[in-house]
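# Descriptive structure summary
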Amino acid sequence: MSDLDKILVQFEGDLQPVHSEQALEELRVRYLGKKGIVTAEFKMLGPLPPAQKPARGAELNMLKERVTARLSERREELQAVKLARPTIDLTMPGRRPQVGRLHPLTQIEERIKRIFRAMGFSVETGPEIETAFYNFTALNTPEWHPARDEADTFYLDDERLLRTETSPVQIRVMQRGKLPVRMISPGRVYRNDKPDPSHFPVFHQVEGLYVDKGVTFADLKGTLLFFYRQLFGPDTQLRFRPHYFPFTEPSAEVDASCYLCGGKGCRLCKHTGWLEMGGSGMVDPNVLEDVDIDSEEYTGFAFGLGIERIALLWYGIDDIRLLYENDLRFLRQFT
Amino acid sequence: MRVSYLWLKDLLDFSLSPEELAHELTMVGSEVESLTPVGPDLTGVIVGYVLEVNKHPNADKLSLCKVDLGAEIKEVICGAPNVAAGQKIAFAGIGVTLPNGLTLDARKIRGVTSTGMICSARELQLNEDHTGIMVLREDALIGQPLQDYFGTRDYCLELEITLNRPDCLSHVGIAREIAAALKLEFTPPSYTIAETGPPIETLTSVEIEEPDLCPRYSARVIQGVKVGPSPAWMVKRLEAVGLRSINNVVDITNFVMMQMGHPMHAFDYHHLEEHRVVVKCAEPQEKFVTLDEVERQLDSRMLLICDGKQGVAIAGVMGGLKSEITDATVDLLLESAYFDPVNTRRTSNFLNLTTDSSKRFERGADPNATVRALDMAAALIVKYAGGKVASGVADAYPRKFEPWNVELRPARVTAIVGIEIPTAELQDHLRRLGCQIEGSDPIQATIPTFRFDLEREIDLIEEVARLHGYNQVPTADRANVALDVVAAAQETFEEKVCNALVRLGFNQVKTSPLIAKSETLLRDYPEALKLRNPGSEDMAYLCNGLLPGLLKVAAHNLNRDNRGFRIFESGRVFHKDFSEKEVVAGLMVGVQDLGNWDQGLRSVDFLDLKGAVESLLQELSLDKQVFVYYTIEGAGRFTADVVTVMASERQIGLFGQLHPKATAIFDIDVPIFGFEFDVAVLQGQSEQRISYKPFSSFPALQRDLAFVVAESVTTGQMSGAIINAGGEDLIRCELFDVYRSDQLGADKKSLAFRLIFQSFKRTLTDDEADLAIKQIMASVDRAFGAVLRS
Ligand SMILES: [Zn+2]
């Protein structure tokens, strides 16, 4: 390395920590000022033999240009920083593209559908205007059952009504005659209830059905346990209580251990440790026979759950009507 | 249905606490909705003995008493006039909280400290007596908790009895369930009576004209009763289940109903004309005054219990005022019948009159329990009201119910439940439910007539499964997967639509499809369907489109200071012919917050809406396949500037600004832009499978051209002409500026387009682009007189 190269290396080392114009000016004086390092080298040209002068002069000029260029580069950098700085207030709000949200009921419904799809259930839909046959008779509802009353069900005429559950879809699917059937039917249903914090005449249900050879109550328990553990967490426990539903026999109410307190008892579960989730059971043989399925050869289970109920529990909503009021201050919370 | 814990213990010896009993009942299917202690909480109150009563030194009306509590002696001040040495009394010490909520503390009264209190009956909320302290019986034990003196505290269990189990609407029914669940032996109590009166045939007769509606009617006559108060134990039992005591005879009929589940009625024998009973249908529009003093209009399908001349009770629902039991009643006719469930239910519904009796008959009573119920009632009446029971029962039973047989195959239990339950256990469960059992495979079960819900093998399977315990059934840990691929395409398409709109800034709403008539009246909507039995006028019609619900939501949010938003809904709409279809609709309202807070806010306009719709169609892969025609429609729910979106000559939707007359229905006075699409048609036009299309790797050339044209020439016309004339290498033509000025002239405008040329085969030269532009210029000049702006 020549002596001039050494000066250049030394200069670069001195330049690196310089971050103010004042320090830069001091550096310039140190190298290019009257008593500067580079200036001193020029002064030593005089005593050299004439033959060496042009080459040495050229090298020195190159060094001086190089140092000058590096200094002005750094000066520009410093000025650029100085210019930019006062115009950015980092605390100003960013420009955020507006994004919408899915309704909380849709979000819950999609979670439920995802879990059942993963278990090989198809998702089926059907009409909301149903006939008394599909909504009641085909579901084994006795003629005397109060669910058929106008106090419970909205009628359009003597035949037609607004479905009170999504089970009619299951009948329609079984009527296609293709077995096995493994399906859920999510959708909107109607009951003649006065709106209050826990009732609304319109709500959403998911009902499930599995008909195949060898399906038992133990399979129902296993399927629902898997589902509720996916929904509420892996520690969830289930409790099955005998009940009566025309569509199924044996029938059971399903309780899930409270996801909030883990079953110890809290306000959400009214200190019982359990949350009532919905009905279930083995499909009544009458139902199967009515759609020409041999009930000796095939058995099946069915279950239902309310999407609103899960939404209220999961999000801690205390009034079902909030879900249908659609106040954006409410809807925008469900990210 | 309410049951008393102690009443159940009267019937069955079991060792569960009230809480344990509640859990057990819930787990065998009679869900306990509440468990409440009966009567006041007497914790801490004990029996004391008054040793001495002295006058208070500083107060005439107060006495200073020494009370022996067994373990200690306390000095208390008492203001009651009846306190006397030698009495057993109820004592509450310092720190005890009385049933009225008062907690006692040591208190100085006129210089003397009282260390407790001798209680009156009212202070303990036992009754209203406040004339003095409550004096207990001699046999009360000093120091004994007062609750023990009164006996074990009772609890009332409120049960939800399912519709198929009317037999559980009684203490005997619930006791049978407990016994079956706990594997205890249970025999319902039986009552024997001495028939010391004259033969019943000499006193009355029963005639049934409607054997289908009344398959059985049994009656007994008791003469010489004395109507009066009921025994205290019976009053306590009835009050525990919420029944008020009336008199001994009426209380006994209620007691029998609550214990056995069989409703009964007692008539004053002398108020029955001709002293006989005829069961027949009412006359059309017959009027009848029931016990509750309400005159009711009957119809000819309602069953009426009549005497020789007229009606005396509405069968199975409520008795008549005229023949009710009064204090003057001496001779009784007791009714115990079986009425048809469906007809009882109809009568109860039509009269809007539900009673403890109608509830049991309409779900199904036991036709073979009528005489047992009569015997129980007669035995209790003779015991507590005196009188002689006529010998024999007037028992008309034209339609006899016999127990029936149901077979149960143990293998079938396994097939349904998924676990093998030993045959002996199956037999044992059924036996405890009251079935007679024979055989083992199949098990032949003879079903008692109070269990008409047990008709089929599956009914028995449910019984053995629940008694075995649902929670004893193993939980399958394998999935019984049916590998059957069923397309659920429409449903996933709807998800796709919703997700696309969310990305475009729209919030999903869910509105009630039940709306008011005024809301169905948007112009060019079809007529809406009306419910036959709406819950309210606000929710009497099925929505004929989604815009009404969305406009309601818009109004709600505008009224709450929300100045701008985008909302959408996807759901069914309904038509007069009962058809329904899936629609997606959305609104853009007010100030558009695009997140560019520093660029000023502005109100939504048509191009915002159009852009949103175009983006939606693109997200749904419709942009390439669909040609969109813009047409002007007659002013309906939209203003005249409405766009009809067509695909393959089918209308898939509309968008535009909503007509102010439409928004005014919802009290909205700001401009609202909206769209509506038919989901099924959208889906039909949507590309199901995306296939990759290669793009050119050669450089592109860009040319910006501004044309001056007449105002009447549209952007669409111009860009159409440019694309037609530009050749195959013109791959894009986009409007980027519109300019008007005095220089251009009043009816003129300048439209600036950016053109991109690119070839798949080679690098294009400037000459090639220039040539294409010459052709474009000639073409637009010819078609629209368009000239390049200089
Ligand atoms: Zn809890």
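Residues numbered from 1 in each chain as written. Chains lettered and ligands numbered in written order. Predicted model: local features only at pLDDT ≥ 70, side-chain atom pairs only at ≥ 80, totals over all residues. Heavy atoms only, no water.

Per the secondary structure count, chain A includes twelve helices and nine strands. Computed over C-alpha atoms, the radius of gyration of chain A comes to 40 Å, more than 25% over the 20 Å expected from 2.2 N^0.38 for 335 residues, which places it beyond the range of a compact globule. Within chain A, the fraction of its 335 residues that count as buried is 54%. Taking contacts inside chain A between residues at least 6 apart in sequence as the whole, the part at least 24 apart equals 65%. With an accessible surface of roughly 15900 Å², chain A has 53% of that area assigned to carbon and sulfur atoms. On chain A, the mean spot of the 44 positive side-chain charges and the mean spot of the 49 negative ones are 15 Å from each other. (Helix = DSSP H or I, 4+ residues; strand = E, 2+ residues; numbered from the N terminus. Rg over C-alpha atoms; globule rule 2.2 N^0.38 Å. Buried < 20%, exposed > 50% of the residue type's maximum accessible area, 1.4 Å probe, protein only. Contact = heavy atoms within 4.5 Å. Areas by Shrake-Rupley, 256 points an atom, 1.4 Å probe, with all protein chains shown as cover. Lys, Arg positive; Asp, Glu negative; His and termini not counted. Charge placed at Lys NZ, Arg CZ, Asp CG, Glu CD.)

Secondary structure summary: chain B contains 19 helices and 38 strands in total. Here the C-alpha radius of gyration of chain B, 43 Å, is well above what a compact globule of 790 residues would show, namely 28 Å. In terms of principal-axis extent, the alpha carbons of chain B reach across some 125 × 80 × 60 Å. In chain B, which comprises 790 residues, the proportion classed as buried is 53%. When contacts within chain B are restricted to residue pairs at least 6 apart in sequence, long-range pairs at least 24 apart make up 68% of them. Per element, the accessible surface of chain B, about 36300 Å² overall, is 50% carbon and sulfur.

With that out of the way, let us pick up the domain arrangement of chain B. Each assigned domain of chain B is listed here: domain 1 (2-38 + 154-182), domain 2 (45-150), domain 3 (200-396), domain 4 (404-472), domain 5 (490-686) and domain 6 (701-788). Here the C-alpha centroids of domain 2 of chain B and domain 5 of chain B sit 76 Å apart. (Domains from an automatic or database assignment.)

What follows is about the coordination of the zinc ion. All names here are of chain A. Here the zinc ion is held by Cys 258 (SG), Cys 261 (SG), Cys 266 (SG) and Cys 269 (SG), and the distances to it run 2.2 to 2.3 Å. For the zinc ion, the four donor atoms in the first shell make angles of 104 to 114° at the metal, so the coordination geometry reads as tetrahedral. Counting residues between consecutive donors of the zinc ion along the chain gives the motif C-x2-C-x4-C-x2-C. The residues Cys 258 and Cys 266 share a single accessibility class, namely buried. (Donors = N, O, S within 2.8 Å, 3.2 Å for Na, K, Ca; no water. Tetrahedral: all angles 85-135°; square planar, octahedral: opposite > 155°, others 65-115°.)

Take the domain arrangement of chain A next. Accessible area lost upon the coming together of the parts serves often as the stated size of an interface. Taken domain by domain, chain A comprises domain 1 (3-84) and domain 2 (104-331). Taken over C-alpha atoms, the centre of domain 1 of chain A sits 84 Å from the centre of domain 2 of chain A.

A few words on helix α14 (residues 547-558) of chain B. Residues and elements named next belong to chain B. In this model, α14 (twelve residues) spans 16 Å end to end at C-alpha, consistent with the 16 Å of a helix rising 1.5 Å per residue. Judged by how many residues are buried, α14 sits mostly within the fold: ten of twelve residues are covered. Residues Leu 547, Pro 548, Gly 549, Leu 550, Leu 551, Val 553, Ala 554, Ala 555, His 556 and Asn 557 constitute the buried set of α14. (Expected span 1.5 Å × (residues − 1).)

Moving on to the interface of chain A and chain B. With 90 residues of chain A in contact, the opposing surface of chain B contributes 88 residues. The largest per-residue losses of area from chain A upon contact with chain B belong to Gln98(A), Pro242(A) and Glu249(A), which jointly make up 9% of the total buried on that side. Across the pair Glu296(A) and Arg412(B) runs a salt bridge, and its minimum N-O distance is 3.9 Å. Connecting chain A to chain B are 39 residue pairs in polar contact (both at pLDDT 80 or more). Top contributing element to the side of chain A that touches chain B by residue count: strand β6 (residues 238-245) of chain A, with seven residues. Looking at the side of chain A that touches chain B residue by residue, the classes come out as 38 nonpolar, 22 polar and 30 charged. (Buried area = accessible area lost by both parts, 1.4 Å probe. Salt bridge = Lys/Arg side-chain N within 4 Å of Asp/Glu carboxyl O. Polar contact = N/O pair within 3.5 Å; in protein donor to acceptor, adjacent residues only side chain to side chain. Nonpolar A, V, L, I, M, F, W, Y, C, P; charged D, E, K, R; others polar.)

Scored by pLDDT, chain A comes out at a mean of 91, with 99% of its residues at no less than 70. Mean pLDDT values for the elements of chain A range from 85 in helix α4 (residues 53-84) of chain A up to 97 in strand β2 (residues 129-131) of chain A. (pLDDT = per-residue confidence, 0-100.)

This brings us to the sheet that holds strand β24 (residues 436-438) of chain B. Residue and element names in this part refer to chain B. Spatially, three strands are ordered β23-β25-β24 in an open sheet, and the strand pairing comes out antiparallel. Looking at which strands have only one partner, the edges of the open sheet turn out to be β23 (404-408) and β24. Across the sheet, the mean angle from the axis of one strand to that of its neighbour is 25°, orientation sign disregarded. Pairing geometry for β23 and strand β25 (residues 443-447), over five bridges, is antiparallel. Residue pairing for β25: Val 406 is matched across the bridge by Ala 445. The strands touched by helix α11 (residues 423-432) are β23, β24 and β25; relative to β25, the strand with the most contacts, the crossing angle is about 5°. (Pairing = 2+ DSSP bridges. Axes fitted to C-alpha atoms, helices over the stretch in contact; angles between N-to-C directions.)

This part is about the sheet that holds strand β1 (residues 2-4) of chain B. All names here are of chain B. The strand order β1-β10-β2 describes an open sheet built from three strands, whose pairing is antiparallel. Only two strands of the sheet have a single partner each, and these edge strands are β1 and β2 (31-37). Within this sheet the neighbouring strands show an average axis-to-axis angle of 25°, counted without direction.

This brings us to the environment of Lys43(A). By secondary structure assignment, the location of Lys43(A) is in helix α3 (residues 37-43). Taking the C-alpha atoms as reference points, Lys43(A) and Trp314(A), 271 residues apart in sequence, are found 86 Å from one another.

Glancing now at the nonpolar core. Of all hydrophobic cores here, the largest spans 114 residues; its most connected members are Ile112(A), Tyr228(A), Leu542(B) and Leu587(B). With nine residues, helix α8 (residues 217-232) of chain A is the single largest residue contributor to this core. The contacts of Leu587(B), once residues within four sequence positions are left out, are Phe506(B), Leu547(B), Leu550(B), Leu551(B), Ala554(B), Phe565(B), Arg566(B), Ile567(B), Leu658(B), Ile672(B), Phe673(B) and Gly674(B). In this structure, Leu157(B), Val250(B), Phe255(B) and Val389(B) belong to the second largest nonpolar core, which totals 54 residues. (Core = buried A, V, L, I, M, F, W, Y, C linked by side-chain atoms within 4.5 Å.)

Across all of its chains, the model carries 78 salt bridges over all chains by this definition. A salt bridge links Arg56(A) to Glu41(A), with the nearest nitrogen and oxygen atoms 3.0 Å apart. Taken together, the positions of Arg56(A) in helix α4 and Glu41(A) in helix α3 put the pair 15 residues apart, joining distant regions of the chain. For the pair shown, Arg56(A) and Glu41(A) are each scored as buried. Put simply, Arg165(B), Asp167(B), Glu177(B), Arg451(B), Asp453(B), Glu463(B) and Arg466(B) are held in one network by salt bridges that share partners.

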